[in-house]
Amino acid sequence: MHPMVRRSAFAMRVATVPAACPARSAIKASVAAAFTAILVVSTALGVAGTARAQAPASIRLGFIAAMSGPLSVVGAEQKRGFDLALDHLGGKLGGIPFEVIQGDSKANPTATVQELSRLIDKDRVDIITGLSTSNELVAAIKPISDARLFFIGMNGGPAVLAGEQCSPWYFNASFQNGQLTAGMGAYMAKAGVKKLYLMGMDYEAGHEHTEAAKKGFTGEVVAHAFTPIPQVDFAADIARIRASGADGVFAFYPGAPGIAFVRQWNQAGLNGKIALFSNIALSEPTVFQAQGKTALGIVVSANYFAGIDNPRNRRFVQDFRAKFGRDPASYAGLAYDSMMLIDAAVREVKGNIRDQTAFRAALRHANFESVRGPFRFNANQQPIQNTYVTQVDQRPDGSLWLRQLSVAAENAPDEFASRCSMK
Amino acid sequence: MLLGLLLAVALIVPLLGQPYYTRLVARMAIFGIAALSLDLLVGYAGLVSFGHAAFFGIGVYCAGLLPMMGVQQVWVIVPVAMLVAALYGALSGLISLRASGLYFIFITLAFAEIVFYIAQGLRMLGGDDGFRLPAPTLLPGGASLANPVVLAYTMLAALVLAVWVARRLSESHFGQVVVAARDNETRLRAMGLSPYPYRLALYMIASALCALAGVGFANLVEYASPASMSWVVSGEFLFMVILGSAATIVGPVLGAVVFVGLEQLLSAVTEHWLFWLGIVLVLRVLLLRQGIHGLLAGGGQR
Amino acid sequence: MTAGLVLEQAFNGLQFGMVLFLMAVGVTLAFGVMNLINLAHGSMLMLGAYFIAAAAQKITAYPLAFVAALMLTAVAAVLLEVVVMRPLYRMGHLDQVLATFGVSIAVNEAVIMVWGREAMFVAPPDWLDGTVALTETISYPLYRLAITAVAALAGLALWLLLARTRLGMRIRAGAENGDIVGALGVNVRLLFIGVFVISSLLAALGGVMLGPLIAVQSGMGDPLLILALAVVVIGGVGSLKGALVASLAVGLIDTFGRMIWPQWLGDVVGNIVANASVYILMALVIAVRPSGLYGNHAA
């Protein structure tokens, strides 16, 4: 006889509970009280709604990013850049006191929409910034536009939002996905790659990034492969790369799969045999700890990296290192920039952000000093900026950093601007 | 009594002109329906399904896909969603219901994962990113479910209807056979009754009901993505059912209400809310043996 | 597809299958002996990986760090058994699923609270960091071979334990029939702790070895747990032989499937089938044999 027959599992669900001993019932009573409290509070919240006074003398800024869940690495890094910006701004946004209401997008489009409803409808924020992934953006722009609020995007930019679905309420202060890799095709050809193997994660951004890498490449593309999202074992793909005779690989793998890919690439002994290219998603400061020396030599393109030389960035990087003990990743730099952009625009309208026409114009001016160097907005409110080519290198103390090799694209707009109806 | 109070609150909230709380009510009603539908399986039939989110997802995708073909009417979308879910329920149930116990738990998970990967693989529908609803579902007369007030009242009405149907179902001969099969299958078989067709029918009903909740959810977030049918969502549904207490119909609805409230509260307080959610789950099982419903009903009687 | 590539993929599938086996055998043991469905089993794999990452920062000698990681996991397993798992043995499946789901969520978040969100670094030992030549043209990472070998050894050790020792006899008796164990005068409480620790250690061993291969971060064990559950169901709950056969089958089907299906069916359908292949296999097996390949009882 099997144990299961002994204990009739399902019948127990509705069986009555034996009388509890006093100690147990005390615990039970307190747990019960807690549950009841939660029940009451969670429903009473609805009645105790907010009747907040209109337009206080301060700005309510909504900051939403993936703070929990598998992509919270990105959100946490954005928060670091955001917090440093708060320090540097000294508690004022364009000279006006402001208050931050934080939201957690959980790297999930539906959670994003729900959280936005809280920021917009309940907390009545004036401006929203943040978001961590492309799919969050696609879900978020409509509710934000419907609410007639300005949103400043801190990370990522899917093609549709730069083109057909561009919105006057959406300013992308980070990059259109293709921009991260602009000019890499030509760079790889120039670096001597004859046979290129393109690969990436099988989702929208993966397609956009690898497509962008192909542009301007003059050699032969031997493969353009996509691996399923959950895949973290690349043994099979590495075997195929080797069999393909490629002398260069462009691989788009952010986060955990990127860590796995780089390690396995190294273990397969391909370091130094086949050139590995990517953009900043593959190898950057938040994964340096995990990739360690296996990342050495990888060439990645980026619109922001810690080594960019200008006064604003030197200060940012220095303070970031002092606070967090390593170089900022691009997520942090772009979050910092977004805040500086908002600061400049609020200053330009002298705090009168309720005048939305003027505020939009001020945002479009982007009259701030970007840590990434030159920066301005295109008609579709996506950036016009540089793309740099960098290589993972090692400092004497063993820590990794990105060394600039060249500039892949200068003051370049994205490719989808012409599809946007905004002028 | 409490349920009446809760319903009264739920009915008043949308009138306050606070879209956030109105959406919260809609959300609670939507998950209430989903949890209730799962309770039919878990509580009454003793069938622990770990793949119920698949049917929720089918509802979500139907509400997203039909408007692409120009269909927005609720009286087309809801029946289609429920039919598709019932069909998949029949297909997967035919195989799943042959298994029992642990095998049933994980075979339902397998069937849900298959649907998940299909949705994730459909690049024309955004793949893993999913897609934004091209247009909301419309009620007869043209009211749009994108309006939170309309959505909240519609889903509350659907919830009340679902509770009524579930009550009738549990009291019917059909319901009694299902419960008898749960409690003592051998005796039922000795009486010459095979529980299989009854369970299959119930499985299809529960699937269809969950798809209804999915249609509501798609309109709530105006987005469809594979995340809405991941195994984590299936786990959450089970959590709602047992949080409230299974086989009570109103219990799971309470569970859904508390779960949604808990998630909102915890994630507002700490970014490590998942830790505390996990702890609550463990405590519920170890200490609060009767669920919230049992607690409120007082003592041991259901 | 060249013969060399097929050979290399066979090694990859074998390695993947053996890691799955380490996971699955723990799931099946816990169910067989304690009647426990443990969704927190993936957390033990993750803890193993985190512990070796943490240990390696303090201890340079790999074998010592390896042992330290397993010992730490054993401590965590005992704590977990005493505090949470023990009362669950008597409860229904639904309660077990929920409570262990809760444990897994909490542990996933706890490692973030302790070690942060960013992935941790684990290096393979220097003496395993290289490649061996399979054929003249194809070399294979030594580390992956080592994983396969260690997992096979662990499986063998477990078999010896179960087949040849007194403890093993009791465990088997428990798996066959829980009542007998008590009747034999065995200290059931200790036996259950022992089984839980062994099953956790096997998962942790998988985590320790996967550490240098994939990203050590929160939730890393969950995808493997889901696959391991599929393996257990396919092989038949409680059957060690079933777990081994199904693990290897799933490992090979998954590895070769990712290569073959997209070629046969095109990228879109091919990737869907490749991703879902394990679950499709599971549905087919259950359709024909409702209690798995080697399961002979209703679980």
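Predicted model, so just to flag it, every value in this text is computed and none were measured. (Residues numbered from 1 in each chain as written. Chains lettered and ligands numbered in written order. Predicted model: local features only at pLDDT ≥ 70, side-chain atom pairs only at ≥ 80, totals over all residues.)

Q: Give me the overall build of chain A: which residues, what numbers.
A: Each helix and strand in chain A was counted, giving 14 helices and 14 strands. Looking at chain A as a whole, 57% of its 423 residues are labelled buried. (Helix = DSSP H or I, 4+ residues; strand = E, 2+ residues; numbered from the N terminus. Buried ≥ 20, exposed ≤ 12 C-beta atoms within 10 Å, placed from the backbone.)

Q: Just give me the short version of the overall build of chain B, but keep the residues and values in it.
A: Summing up its helical and strand segments, chain B has 13 helices and 2 strands in all. Principal axes of the C-alpha set define a box for chain B whose edges measure 55 × 40 × 40 Å. Counting over 302 residues, chain B shows a buried share of 65%. Taking all contacts inside chain B whose residues are at least 6 apart in sequence as the whole, residues at least 24 apart take part in 78%. (Contact = placed C-beta atoms within 7 Å.)

Q: Could you give an account of helix α10 (residues 231–244) of chain B, naming the residues involved and the relevant values?
A: All names here are of chain B. Look at α10: 20 Å from first C-alpha to last across 14 residues, which is about the 20 Å you get at 1.5 Å a residue. Listed as buried for α10 are Val233, Ser234, Gly235, Glu236, Phe237, Leu238, Phe239, Met240, Val241, Ile242, Leu243 and Gly244. One or two steps after α10, the chain reaches Ser245, where phi turns positive at roughly 110 degrees. (Expected span 1.5 Å × (residues − 1).)

Q: Help me get a handle on the confidence of the model for chain A, residues and values and all.
A: Residue and element names in this part refer to chain A. The share of residues in chain A with pLDDT of 70 or more is 87%, and the mean pLDDT across the chain is 86. Low pLDDT, under 50, characterises residues 1–28; the stretch is placed with 39 contacts to residues that sit more than four places away or in other chains. Taken together, the stretch residues 42–56 has pLDDT below 50 and engages in 22 contacts with residues farther than four places along the chain or on a different chain. (pLDDT = per-residue confidence, 0-100.)

Q: Give me the domain arrangement of chain A: which residues, what numbers.
A: Residue and element names in this part refer to chain A. Split into domains, chain A comes out as domain 1 (59–175 + 307–377) and domain 2 (180–302). On the side of domain 2, 10 residues touch domain 1, which itself brings 12 residues to the contact. In terms of residue class, the side of domain 1 that touches domain 2 is built from 7 nonpolar, 2 polar and 3 charged. (Domains from an automatic or database assignment. Nonpolar A, V, L, I, M, F, W, Y, C, P; charged D, E, K, R; others polar.)

Q: Before we move on, can you summarise the packing of helix α5 (residues 101–121) of chain B against helix α11 (residues 267–288) of chain C with the specific residues and values?
A: Interhelical geometry of α5(B) versus α11(C) gives an angle of 165 degrees and a closest axis separation of 9 Å. Taken as axis vectors, α5(B) and α11(C) run roughly antiparallel relative to one another. Crossing of α5(B) against α11(C): the hand is left-handed. For the pair α5(B) and α11(C), contact is made by B:Tyr103, B:Ile107, B:Ala110, B:Phe111, B:Glu113, B:Ile114, B:Tyr117, B:Ile118 and B:Gly121 and by C:Val268, C:Asn271, C:Ile272, C:Asn275, C:Ala276, C:Tyr279, C:Ile280, C:Met282, C:Ala283 and C:Ile286, respectively. (Axes fitted to C-alpha atoms, helices over the stretch in contact; angles between N-to-C directions. Parallel < 35°, antiparallel > 145°, perpendicular 65-115°, else oblique. Left-handed = near helix turned anticlockwise from the far one by under 90°.)

Q: Summarise the sheet that holds strand β5 (residues 150–153) of chain A; cite the residues concerned and give the values.
A: Residues and elements named next belong to chain A. If you walk across this open sheet you meet the 6 strands as β2-β3-β1-β4-β5-β6, and the pairing is mixed. The two strands at the open ends of the sheet, each matched to only one other strand, are β2 (92–93) and β6 (170–172). By the bridge criterion, 4 bridges tie strand β4 (residues 127–130) to β5 in an arrangement that is parallel. Directly across from Gly130, in β5, lies its bridge partner Gly153. (Pairing = 2+ DSSP bridges.)

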